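A look at the structure
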Amino acid sequence: LFILQSTAITQLWAQQTPVSQNGQLKVCGTQLCNQYNKPIQLRGMSTHGIQWYGWGKCLTENSLDVLAYDWEADILRVSLYVQEGGYETDPVGFTNQVNRLINEASERGMYVLVDWHQLNPGDPNYNLANAKQFFTAIANQHKDKVNIIYDVCNEPNGSGVNWNRIKTYADQIIPVIKSIDNDAVILVGTQGWASFGVSGEGSLQDVLNNPLQFDNIMYTFHFYAKSHREAYLSVLDQASDQLPVFVTEFGSQEYTGDGPNDFAMTQRFIDLMRQKKISWTSWNYSDDFRSGAAWQTGTCASGFWDTSRLKEAGLWIRDKIKFPADDFPGGDTSSDQTPYKGTPISIPGIVEAENY
Ligand code: IDC
């Protein structure tokens with residue numbers, strides 16, 4: 001038994017993961033770059049709200065093994081709602097849960113996007129005090145890790161929530177994080193439910209006229225392909241020519257995250273994001289009844305994370321994460337760098353070995 005475990009440990013150490021290959025991220029120009037200053041694209045999944053489908057439900061040791069080693073996800077977005085039974089109802093409990101999820105994703109070599117999922121009310125300033133408290137706790141706990149990305153507001157929306165209003169918020173919360181974790185990449189949601197205003201007030205030009213004045217900032221964009229189509233595709237293309245953009249949420253469905261999938265339309269976004277190395281996380285890794293949730297209803301309680309239990313959208317997005325395989329650029333161009341190909345060893349061996 002001891003020999004088997006030692007072998008597992010050795011293989012684990014030898015194994016390349018997205019985080020071991022790319023290290024501390026930074027923003028260079030309009031791109032997300034790795035520790036060698038080379039542009040990279042990260043692809044992965046967003047959780048559903050962790051107050052409903054979090055740790056012990058749809059996020060378990062096994063489901064995260066599947067996401068990291070079978071889906072070969074580079075990144076997990078942890079969606080912490082503020083309202084709707086989220087952070088504001090139990091700050092300590094949700095901070096602990098986010099810490100746990102960060103640690104679990106980190107053990108599996110994934111990046112973690114910490115999503116402050118404000119949604120209703122749509123003005124992020126409403127939750128500023130809670131955001132300061134939450135990000136202070138998270139940054140203090142994880143500042144020495146290289147794999148944390150912060151998103152300070154999921155989807156600003158509603159009347160009067162224009163870019164200036166978001167910038168007022170961002171200018172207050174970003175220094176709080178930077179004073180603790182100075183080199184972290186920080187994402188900021190854009191007006192109109194992260195659409196640069198396509199579905200809200202103002203436009204991309206408002207951001208271009210008055211961009212944030214910090215290093216390592218990216219702007220977020222969300223789309224639901226069946227609903228949002230050409231208008232969104234075009235703005236994503238224009239925005240990413242001029243600003244660092246991270247697509248932190250999208251689906252093949254209607255904007256409800258439900259209804260029919262339009263995979264042909266979604267593929268056009270996927271192609272654009274591939275071509276421009278725009279990183280993405282897709283909504284969502286749960287067994288919610290809606291068509292945009294990857295797993296069939298009942299999967300999380302069953303604990304069987306087999307591909308036969310994926311909904312159509314889940315099977316489709318797994319394929320988009322897995323293929324093409326990651327080919328992260330290394331520091332050496334003559335290159336004996338081995339591209340990450342997923343883990344070859346049995347998962348129970350790893351988990352067991354780590355306890356020793
Ligand atoms: C939806 C969930 C749904 C939940 C609702 C609650 O799919 O189960 O009841 O949130 O607010 C977003 C939001 C995201 C939405 C998603 C789909 O960021 O929270 O999830 N969506 O409607 N923006 C556009 C779509």
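My aim in this report is to walk through the structure given alongside it, one point at a time. Worth saying up front: this structure is predicted, and the values here are computed from it rather than measured.

**Some remarks on the overall build of the chain**
- Helix and strand counts for the chain stand at 14 helices and ten strands.
- In the chain, the proportion of contacts linking residues at least 24 apart, taken out of those at least 6 apart, comes to 77%.
- Carbon and sulfur atoms provide 51% of the accessible area of the chain, an area that totals close to 13900 Å².

**Looking at unusual backbone geometry**
- For the peptide bond that leads from Asn 120 to Pro 121, omega is 5 degrees, which places it in the cis range.
- For the peptide bond that leads from Phe 323 to Pro 324, omega is -5 degrees, which places it in the cis range.
- Mapped onto the elements, Pro 324 comes out in the loop between helix 13 (312-322) and helix 14 (347-354).
- In this model, Ala 194 sits at a positive phi of 60 degrees, which is unusual for a non-glycine residue.
- Residue placement: Ala 194 occurs in helix 8 (residues 191-194).
- One non-glycine residue, Asn 216, lies in positive phi territory at about 60 degrees.
- Relative to the helices and strands, Asn 216 is located in the loop between helix 9 (204-209) and strand 8 (217-224).

**Points about helix 7 (residues 163-178)**
- For helix 7, with 16 residues, the first-to-last C-alpha span of 21 Å sits near the 22 Å given by 1.5 Å per residue.
- At Ala 170, helix 7 is bent by approximately 25 degrees, the largest bend along its length.
- Residues of helix 7 that are buried: Trp 163, Ile 166, Lys 167, Tyr 169, Ala 170, Ile 173, Ile 174, Val 176, Ile 177 and Lys 178.

**A look at the site of the ligand**
- The ligand sits among 16 residues. The nearest are Tyr 81, His 117, Glu 155, Glu 249 and Arg 290.
- One of the side-chain N or O atoms of His 117 is found 2.7 Å from an oxygen atom in the ligand.
- Separating an oxygen atom of the ligand from a side-chain N or O atom of Trp 283 is a distance of 3.5 Å.
- When the ligand sits alone it has 500 Å² of accessible area, and the protein chains cover 81% of it.
- Partitioned by chemical class, the residues of the shell around the ligand number six nonpolar, five polar and five charged.

**Some thoughts on the packing of helix 6 (residues 128-142) against helix 7**
- Between helix 6 and helix 7, the least distance of the axes is 9 Å, while the angle of their chain directions is 20 degrees. Classified by the angle between their axes, helix 6 and helix 7 sit roughly parallel to one another. Crossing angle aside, the handedness with which helix 6 passes helix 7 is right-handed. From helix 6, Leu 128, Ala 131, Lys 132, Phe 135 and Thr 136 reach across to helix 7, where they touch Tyr 169, Gln 172, Ile 173, Val 176 and Ile 177.
- A per-class count over the contact of helix 6 with helix 7 returns seven nonpolar, two polar and one charged.

**Comments concerning the state of the cysteines**
- Following the criterion strictly, the structure yields two disulfides and no others.
- The disulfide partner of Cys 28 is Cys 33, and the gap between their sulfur atoms is 1.7 Å.
- Paired through a disulfide, Cys 58 and Cys 300 show a sulfur-sulfur distance of 2.0 Å. A torsion of 105 degrees about the S-S bond marks the disulfide between Cys 58 and Cys 300 as right-handed. Residue Cys 58 is located in the loop between helix 3 (50-53) and helix 4 (61-70), and its partner Cys 300 is located in helix 12 (residues 299-302); the two are separated by 242 residues in the primary sequence.
- When its relative accessible area of 10% is taken as the criterion, Cys 300 is described as buried.
- In the chain, the bonded cysteines, numbered by position in the sequence, are linked as 1-2, 3-4.

**Focus on the environment of Ser 227**
- Position of Ser 227 relative to the elements: it lies in helix 10 (residues 225-242).
- We classify Ser 227 as partly exposed; its relative accessible area is 29%.
- With 29 residues separating them in the primary sequence, Ser 227 and Thr 256 have C-alpha atoms 9.2 Å apart.
- Those residues within four positions of Ser 227 in sequence are excluded, and the remaining contacts are Gln 253, Glu 254 and Tyr 255.

**Notes on the side chain of Asp 262**
- With respect to the element layout, Asp 262 can be found in the loop between strand 9 (245-251) and helix 11 (263-275).
- In terms of polar contacts, Asp 262 uses its side chain to reach the side chain of Arg 229, at 2.9 Å.
- Not counting residues within four places of it along the chain, the set of residues in contact with Asp 262 comprises Ala 225, Lys 226, Arg 229 and Ser 252.

**Let's talk about the pattern of salt bridges**
- Applying the stated rule across the entire model yields 19 salt bridges.
- Note that Asp 70 and Lys 322 form a salt bridge whose closest N and O atoms lie 3.6 Å from each other. Of the two residues, Asp 70 is situated in helix 4 and Lys 322 in helix 13; the sequence distance between them amounts to 252 residues.
- Taking the relative accessible area as the measure of exposure, Asp 70 reaches 26% and is therefore partly exposed.
- One salt bridge connects Arg 165 with Asp 123, and the closest N-O pair in it is separated by 2.8 Å. Here Arg 165 is found in helix 7, whereas its partner Asp 123 is found in the loop between strand 5 (111-117) and helix 6, with 42 residues between them in sequence.
- In this structure Arg 165 comes out as partly exposed when scored by relative accessible area, which is 34%.
- Residues joined by salt bridges that share partners form a network here, namely Glu 61, Asp 65, Arg 100, Glu 104 and Arg 108.

Cut-off values and rules
Counting starts from 1 at the beginning of each chain's written sequence and moves along it residue by residue. In keeping with the predicted nature of the model, local features appear solely for residues at pLDDT of at least 70, side-chain atom pairs appear and are counted solely at 80 or more, and the whole-chain, interface and lining totals rest on all residues. Calculation of side-chain values draws on the structure's entire complement of heavy atoms; hydrogens and water are dropped beforehand. A run of H or I in DSSP becomes a helix once it reaches four residues, and a run of E becomes a strand once it reaches two; helices and strands are each numbered from the N terminus. Contacts are assigned to residue pairs with any non-hydrogen atoms lying within 4.5 Å of each other. Residue-level accessible areas treat just the shown protein chains as cover; the underlying method is Shrake-Rupley with a 1.4 Å probe. To estimate how far a helix should reach, multiply one less than its number of residues by 1.5 Å. Note that bend, as reported per residue, equals the angle between axes fitted to the 7 residues terminating at that residue and the 7 residues originating from it. Partly exposed describes any residue whose relative accessible area lies between the buried limit of under 20% and the exposed limit of over 50%, with all areas from a 1.4 Å probe on protein chains only and scaled to the type maximum. Residues are labelled near a given molecule or strand when at least one of their non-hydrogen atoms is within 4 Å of it. Here a polar contact is recorded for every N or O atom pair within 3.5 Å, except that within protein the pair must consist of a potential hydrogen donor and a potential acceptor, and residues adjacent in sequence are included only if both atoms are side-chain atoms. Charged means Asp, Glu, Lys or Arg here, nonpolar means Ala, Val, Leu, Ile, Met, Phe, Trp, Tyr, Cys or Pro, and polar covers whatever is left, Gly included. An axis is simply a line fitted to the C-alpha atoms; with a helix, the fit covers only the stretch in contact. Between two such axes, the angle follows the N-to-C directions and lies from 0 to 180 degrees. Comment on the angle field: the value is read as roughly parallel under 35 degrees, roughly antiparallel over 145, roughly perpendicular from 65 to 115, and oblique elsewhere. The handedness criterion is simple: a crossing whose near helix is rotated anticlockwise from the far helix by less than a right angle is left-handed, and one whose near helix is rotated clockwise is right-handed. Pairs of cysteine sulfur atoms within 2.5 Å are what we label disulfides. By definition here, a salt bridge exists when the distance from a side-chain nitrogen of Lys or Arg to a carboxyl oxygen of Asp or Glu is within 4 Å.

Geometry only, nothing functional implied.
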